[in-house]
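Topology and contacts: notes
Listed below are the residues making up each chain.
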Amino acid sequence: MDYIVRIIPALLRGAGVTLALFALVLPLSLPLGFLVTLCTTCRFKPVKWLAEAYIFVLRGTPLMLQLFFFYYGLPFLPGIGPYLRLSSFAASALSFTLNYAAYFAEIFRGGLLSIDRGQYEVSHVLGLTPFQTMTRIIIPQMIRVTLPSVGNEAITLVKDTALVASIALPELLHYTQGLVTRDFTTTPFLVAAFIYLLITFVVTLLFKFAERKANYE
Amino acid sequence: MAMIEVKNLRKRFGDMEVLRDVSFAVEKGDVVAVIGSSGSGKSTLLRCLIGLEQVSGGSIRIDGSDLCRDGVYVSAAERKAIILRMGMVFQHFNLYPHLSVLKNLEIAPHLVKGRKGPELRAQAMELLKKVGLADRAGEMPGRLSGGQKQRVAIARALMMNPEILLFDEPTSALDPELTGEVLEVMRDLARERMTMIVVTHEMGFARDVASRVAFMDDGRILEEGAPEEIFTRPKEERTRAFLSRAKA
């Protein structure tokens with residue numbers, strides 16, 4: 001017990017980085033994902049193709065590889081490379097945001113497909129502009145449909161942040177590993193698992209609450 | 001001057017001709033029932049009038065203003081102004097499921113015309129009373145019956161103070177025992193001399209309420225006239241065949 005109390009401050013410091021990453025990536029990747037969704041429905045084909053290629057590449061390659069690319073790979077790009085030397089936190093935030101945006105884009109696409117064409121038609125007939133139709137009619141309904149899937153992704157994101165230990169960003173798992181090798185005990189793993197569970201528990205609660213708020217029946 | 005004037009209207013989907021040379025005029029206060037078998041182009045005709053489908057050719061004039069002339073549309077702004085003079089009621093109601101009944105009524109006049117406050121609320125409540133749903137103002141659409149939903153949809157269309165109302169099979173998605181309450185509201189509107197075009201399979205309504213009946217067949221208006229003319233002395237063989245099938 002004494003030991004656990006002693007290692008908690010270090011682990012919490014790590015958990016702070018985990019949370020910071022989560023709190024940055026989620027609000028950035030959601031709107032970016034929606035933007036990509038809108039691009040996939042664009043009538044101007046090159047934009048549509050670009051968005052589809054984006055989803056294809058980001059979903060089709062390992063997140064860890066993308067992380068390595070943004071951290072180790074970018075500085076080697078000819079010409080602009082030297083200006084793209086990112087800190088491990090920035091590289092993590094960037095690659096996670098881009099990766100999660102691709103997943104969210106697919107979730108939102110499914111959400112948009114679930115909305116009846118009649119909603120657009122009646123909005124047109126009532127004189128709403130396309131922007132008003134999107135923001136006041138379509139998005140609120142899409143949010144309700146997609147919240148469970150978005151919540152699922154959010155929990156995956158909490159756990160995926162552990163990947164950044166691989167580029168030595170000192171988050172929760174990074175500290176845990178350090179303690180395990182230093183002290184020759186697996187107790188830090190258990191404590192880390194507990195902290196992850198605590199975070200995902202809170203995220204789950206938040207999304208449950210959001211789902212209840214968004215439920216309009 | 002006719003409220004609605006349609007000349008040589010044509011509409012193609014790919015190489016399928018849905019409307020072939022449709023011409024007709026609707027006077028102010030007319031209630032025109034459009035009947036005909038499914039696939040005859042009734043709904044497409046209605047959707048062309050309110051800009052949900054682009055015509056392939058022909059002209060549409062609403063109260064003297066061109067919506068399109070010989071297949072060429074007026075500017076987007078003019079189009080919108082013309083469309084706002086009409087309301088449409090859909091087969092599947094298309095209520096906004098995330099908004100209460102009251103908000104369903106208020107959102108368009110608020111967003112489109114900038115109306116708000118007690119004046120807007122008063123009109124919404126008045127129209128809900130008119131369709132017999134004043135006590136359901138705070139309800140979400142998901143909790144209403146089909147007939148109630150359709151009455152809300154009619155009230156919502158009326159909120160924009162349209163001069164013309166288009167009904168696209170307003171009772172086709174309803175249980176038979178719920179059609180009466182919707183038809184009753186439409187009958188009231190007809191009595192108030194609202195100009196209406198009603199695509200319908202309700203022959204009773206067409207016969208009793210419509211001032212004119214148009215029979216569509218294969219993308220054309222084959223026959224049109226006063227209800228008693230169409231129903232008792234149809235000139236065309238196909239009209240007769242359709243009517244005898246509709247009665248059965």
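Refer to the structure above for everything that follows.
Thresholds, definitions, all that
Residues numbered from 1 in each chain as written. Chains lettered and ligands numbered in written order. Predicted model: local features only at pLDDT ≥ 70, side-chain atom pairs only at ≥ 80, totals over all residues. Heavy atoms only, no water. Contact = heavy atoms within 4.5 Å. Buried area = accessible area lost by both parts, 1.4 Å probe. Salt bridge = Lys/Arg side-chain N within 4 Å of Asp/Glu carboxyl O. Polar contact = N/O pair within 3.5 Å; in protein donor to acceptor, adjacent residues only side chain to side chain. Helix = DSSP H or I, 4+ residues; strand = E, 2+ residues; numbered from the N terminus. Buried < 20%, exposed > 50% of the residue type's maximum accessible area, 1.4 Å probe, protein only. Axes fitted to C-alpha atoms, helices over the stretch in contact; angles between N-to-C directions. Parallel < 35°, antiparallel > 145°, perpendicular 65-115°, else oblique. Left-handed = near helix turned anticlockwise from the far one by under 90°. Nonpolar A, V, L, I, M, F, W, Y, C, P; charged D, E, K, R; others polar. Pairing = 2+ DSSP bridges. Core = buried A, V, L, I, M, F, W, Y, C linked by side-chain atoms within 4.5 Å. Phe/Tyr/Trp six-rings, centres within 6.5 Å; stacked < 30°, edge-to-face > 60°.

Across the boundary between the two partners, chain A contributes 20 residues, which contact 24 residues of chain B. Each partner contributes to the roughly 2000 Å² buried at the junction of chain A and chain B, and carbon and sulfur atoms together form 64% of this total. Area buried by chain A at its contact with chain B is led by Val125, Leu126 and Tyr216 of chain A, which between them contribute 32% of it. Linking chain A to chain B there are one salt bridge. Salt-bridge contacts for Glu121 of chain A lead to Arg47 of chain B; the nearest nitrogen and oxygen are separated by 2.7 Å. Linking chain A with chain B are eight residue pairs in polar contact (both at pLDDT 80 or more), by the criterion used here. Secondary structure elements with two or more residues in the side of chain A that touches chain B: α5 (117–126) and α6 (130–160) of chain A.

All names here are of chain B. In this model, Phe93 sits at a positive phi of 65°, which is unusual for a non-glycine residue. Inspection of the secondary structure assignment puts Phe93 in the loop between β7 (86–89) and α3 (101–113). In this model, Asp218 sits at a positive phi of 50°, which is unusual for a non-glycine residue. Note on placement: Asp218 falls in the loop between β10 (212–217) and β11 (220–225). Judged by its relative accessible area of 41%, Asp218 falls in the partly exposed class.

Residue and element names in this part refer to chain B. For the pair α3 and helix α5 (residues 146–158), the least separation of the axes is 8 Å and the interaxial angle reads 25°. As judged from the angle between their axes, α3 and α5 are roughly parallel. Crossing geometry of α3 relative to α5 is assigned as right-handed. From α3, Val101, Asn104 and Leu105 reach across to α5, where they touch Val152, Ala155 and Arg156. When its residues are assigned to classes, the contact of α3 with α5 shows four nonpolar, one polar and one charged.

The next thing to look at is the pairing of strand β4 (residues 57–62) of chain B. Residue and element names in this part refer to chain B. Within β4, five of the six residues are buried, which leaves it mostly tucked inside the rest of the structure. With five bridges connecting them, strand β1 (residues 4–13) and β4 associate as antiparallel partners. In the sheet register, Lys7 faces β4, and the bridge partner there is Ser59. Across three bridges, β4 lies against strand β5 (residues 65–69) in antiparallel orientation. Following the sheet pairing, Ile62 is matched in β5 by Ser65. Counted between consecutive antiparallel strands, the loop separating β4 from β5 contains two residues, among which Asp63 sits at a positive phi close to 50°.

On to the nonpolar core, then. Residues and elements named next belong to chain B. One finds Ile4, Leu9, Leu49, Ile60, Leu166 and Ile197 to be the most contacted residues of the largest nonpolar core, which totals 86 residues. Excluding its chain neighbours within four sequence positions, the residues that come into contact with Leu9 are Leu19, Arg20, Asp21, Val22, Leu45, Cys48, Val55, Gly57, Gly58 and Ile60. By size, the runner-up hydrophobic cluster in this structure holds 48 residues, among which are Ile35, Ala157, Phe167 and Leu189.

Turning next to the pattern of salt bridges. Residue and element names in this part refer to chain B. This structure, assessed with the given rule, holds 26 salt bridges over all chains. Across the pair Glu139 and Arg136 runs a salt bridge whose closest N-O atoms are separated by 3.2 Å. A residue is classified by how much of its surface remains accessible, and Glu139, at 22% relative accessible area, is partly exposed. For Arg136, a relative accessible area of 21% corresponds to the partly exposed category. One network of salt bridges, with partners in common, ties together Glu5, Lys7, Arg61, Asp66 and Arg69.

Now for the packing of aromatic side chains. Residues and elements named next belong to chain A. With the rule as written, the count across this model stands at nine aromatic pairs over all chains. Geometrically, the ring pair formed by Phe69 and Phe70 is edge-to-face, given 5.3 Å between the ring centres and 75° between the ring planes. The class of Phe69 is partly exposed, set by a relative accessible area of 41%. Summarising the aromatic geometry, the rings of Phe96 and Tyr100 are spaced 6.4 Å apart at their centres and angled 5° between planes, so their arrangement reads as stacked. Here Phe96 pairs with Tyr100, and both are found in helix α4 (residues 88–113), just four residues apart, close to one helical turn.

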